[in-house]
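Examination of the molecular architecture
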Amino acid sequence: EAGVVQSPRYKIIEKKQPVAFWCNPISGHNTLYWYLQNLGQGPELLIRYENEEAVDDSQLPKDRFSAERLKGVDSTLKIQPAELGDSAVYLCASSMSRNNEQFFGPGTRLTVL
Amino acid sequence: GIQVEQSPPDLILQEGANSTLRCNFSDSVNNLQWFHQNPWGQLINLFYIPSGTKQNGRLSATTVATERYSLLYISSSQTTDSGVYFCAVVRYDMRFGAGTRLTVKP
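Residues numbered from 1 in each chain as written. Chains lettered and ligands numbered in written order. Predicted model: local features only at pLDDT ≥ 70, side-chain atom pairs only at ≥ 80, totals over all residues. Heavy atoms only, no water.

1. A look at the side chain of T76(A)
Residues and elements named next belong to chain A.
- Secondary-structure assignment places T76 in strand β8 (residues 75-79).
- Relative accessible area serves as the criterion here: at 18%, T76 is assigned to the buried category.
- Filtering out sequence-adjacent residues up to four positions away, T76 remains in contact with A20, F21, W22, W34, S66, A67 and E68. (Helix = DSSP H or I, 4+ residues; strand = E, 2+ residues; numbered from the N terminus. Buried < 20%, exposed > 50% of the residue type's maximum accessible area, 1.4 Å probe, protein only. Contact = heavy atoms within 4.5 Å.)

Have a look at this one:
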């Protein structure tokens, strides 16, 4: 069974440029999550989707971050414009439902110069 | 929100030694998971254990939900066990502890 797929694995951009990350969850998983992990810390939730509906986006900085999960399968997280402080690893995870076991993708390491 | 505390923050072992990692949480939870983050950053699922005891090879875990803690046991440690171990709990959404960084020396 394929795991959570993310792309790209690495991204280096100049500040003020836009960037997008893509995630394909495990087949059959209705719940999809985006997390942010800063160096030396545990991941922190940005947004949770139940099918195509964003049900918890309270930690998403909405002035520059946006996300979508069209058709309730894969998802895209976008930052526009990127700032130096956005440099981090962006992780996608999925689960069958909210309280079930979560599985993580390999992450996208973003560097903003 | 719920607080998750892991101890110790750092642990250095000689290969072959045993260790216990602890996770305390401040409120009742619906789910608790242990992860190993390898040097490449991948979070590897170790246990899904909201309560009770589970074992997988040299690793085992116990969660006492009524007392709000979980323990991860690593026996006969190997150098490949090195990395960061995270405890994460779900009450409304998943909250991670700060992790325990384990270094196993040959």
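2. Regarding the packing of aromatic side chains
- Taken as a whole, this structure holds 9 aromatic pairs over all chains when the rule is applied.
- Note on F65(A) and Y90(A): the rings are 6.5 Å apart at their centroids and 40 degrees apart in plane angle, and the pair reads as tilted. With F65(A) in strand β7 (residues 65-68) and Y90(A) in strand β9 (residues 88-95), the pair connects residues that are 25 residues apart, well separated along the chain.
- The lysine or arginine in question, R22(B), covers the ring of Y69(B), its NZ or CZ lying 4.3 Å from the ring centre. (Phe/Tyr/Trp six-rings, centres within 6.5 Å; stacked < 30°, edge-to-face > 60°. Lys NZ or Arg CZ within 6 Å of the ring centre and 35° of its normal.)

3. Considerations on the state of the cysteines
Residue and element names in this part refer to chain A.
- Summed over the entire model, instances satisfying the criterion amount to 2 disulfides over all chains.
- For C23, the disulfide goes to C92, at an S-S distance of 1.9 Å. On the sign convention where negative is left-handed, the bridge of C23 and C92, at about -70 degrees about the S-S bond, is left-handed. Residue C23 is found in strand β3 (residues 19-24), and its partner C92 is found in strand β9; the two are separated by 69 residues along the sequence. Taken as a pair, C23 and C92 share a single burial class, namely buried. (Disulfide = S-S within 2.5 Å.)

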